Amino acid sequence: GNSVTQMEGPVTLSEEAFLTINCTYTATGYPSLFWYVQYPGEGLQLLLKATKADDKGSNKGFEATYRKETTSFHLEKGSVQVSDSAVYFCALIRIQGAQKLVFGQGTRLTINP
Amino acid sequence: GAGVSQSPSNKVTEKGKDVELRCDPISGHTALYWYRQRLGQGLEFLIYFQGNSAPDKSGLPSDRFSAERTGESVSTLTIQRTQQEDSAVYLCASSPRGGGQQSSYNEQFFGPGTRLTVL
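Cut-offs applied
Residues numbered from 1 in each chain as written. Chains lettered and ligands numbered in written order. Predicted model: local features only at pLDDT ≥ 70, side-chain atom pairs only at ≥ 80, totals over all residues. Heavy atoms only, no water. Phe/Tyr/Trp six-rings, centres within 6.5 Å; stacked < 30°, edge-to-face > 60°. Helix = DSSP H or I, 4+ residues; strand = E, 2+ residues; numbered from the N terminus. Buried < 20%, exposed > 50% of the residue type's maximum accessible area, 1.4 Å probe, protein only. Pairing = 2+ DSSP bridges. Salt bridge = Lys/Arg side-chain N within 4 Å of Asp/Glu carboxyl O. Contact = heavy atoms within 4.5 Å. Buried area = accessible area lost by both parts, 1.4 Å probe. Polar contact = N/O pair within 3.5 Å; in protein donor to acceptor, adjacent residues only side chain to side chain. Nonpolar A, V, L, I, M, F, W, Y, C, P; charged D, E, K, R; others polar.

**Student:** Outline the packing of aromatic side chains, listing residues and values.
**Tutor:** In total, this model carries 12 aromatic pairs over all chains according to the counting rule given. Plain terms: the ring middles of tyrosine 36 of chain A and phenylalanine 110 of chain B are 5.6 Å apart, the flat faces sit at 80° to each other, and that makes the pair edge-to-face. One end of the pair, tyrosine 36 of chain A, is in strand E5 (residues 32–38); the other, phenylalanine 110 of chain B, is in strand E10 (residues 109–110), on a second chain. Using a relative accessible area of 9% as the deciding quantity, one classes phenylalanine 110 of chain B as buried.

In structure tokens form, the structure reads like this:
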């Protein structure tokens, strides 16, 4: 079946540090990959996506590259800010069918000033 | 415009009671999804509606769980005879179109969730 495994948290960094949150997946066929973010007190929001191998998704300074050979979609940001503190979820879907999202367990990120 | 709304935001109930959770999707969105997140775990899919039919209910954990949707509008998730393991945050999402033979992803917009605690 389809599954997503992501780096366990919590992760605590200082402002302007480099961020990596690892995500690997198992899927049949060719899934699309996503990072969702949940800021404190808010609902889940789509952060970025990639729909085929070697695609790079980017948004708000975050990037992730769809690596089929390593079945990975690691989230990176060169210089984090306090406002990036949130819970980050890696997820996949199969485009065909119900397009139901399969999520990782989430990584809580805290950025200290 | 309004996003996805859910009610109640918090629900505390006693084991064995029935509960109803409500989701109001974004107007015009034909697809609606229910997910839940138990403590320390990722979100897990429960059920998908396209219009008022549910072509995929494979994630419902037991026959105590049911859901319905009125047209392309509000959906209700009902849990009968609640158990402590039902405690979780229940999230609803809607999208402009659902799955099927689509060739692209239809973004799902999430509501704030209902936190259910079963004592």
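**Student:** How would you explain the pairing of strand E9 (residues 88–95) of chain B if you had to name every residue and give the values?
**Tutor:** Residue and element names in this part refer to chain B. Burial of E9 is extensive: eight of the eight residues sit out of reach of the surface. Side chains of E9 alternate between two faces, with Ala88, Tyr90, Cys92 and Ser94 and Val89, Leu91, Ala93 and Ser95 buried alike. Pairing of E9 with strand E11 (residues 114–118) involves three bridges; the strand directions are antiparallel. The partner of tyrosine 90 across the bridge, within E11, is threonine 114. Relative to E10, E9 runs antiparallel, the two sharing two bridges. Bridging across to E10, alanine 93 finds its partner in phenylalanine 110.

**Student:** Lay out the pattern of salt bridges with the relevant residues and their values.
**Tutor:** For the structure on display, the rule yields eight salt bridges over all chains. One salt-bridge network, held together by shared partners, links Arg36, Arg38 and Glu44 of chain B.

**Student:** Break down the interface of chain B and chain A for me, citing the residues and quoting the values.
**Tutor:** On the side of chain A, 18 residues touch chain B, which itself brings 26 residues to the contact. Of the roughly 1,700 Å² buried between chain B and chain A, counting both surfaces, carbon and sulfur atoms make up 57%. On the chain B side of the contact with chain A, Leu43, Tyr105 and Phe110 of chain B bury the most area, a combined 36% of that side's loss. Residue aspartate 56 of chain B is joined to lysine 100 of chain A by a salt bridge in which the shortest nitrogen-to-oxygen separation is 2.8 Å. At the boundary of chain B with chain A, the tally comes to four residue pairs in polar contact (both at pLDDT 80 or more). Of all the secondary structure elements, the ones that give two or more residues to the side of chain B that touches chain A are strand E4 (31–37) and strand E5 (43–50) of chain B. Its residues placed into classes, the side of chain B that touches chain A shows nine nonpolar, 15 polar and two charged.

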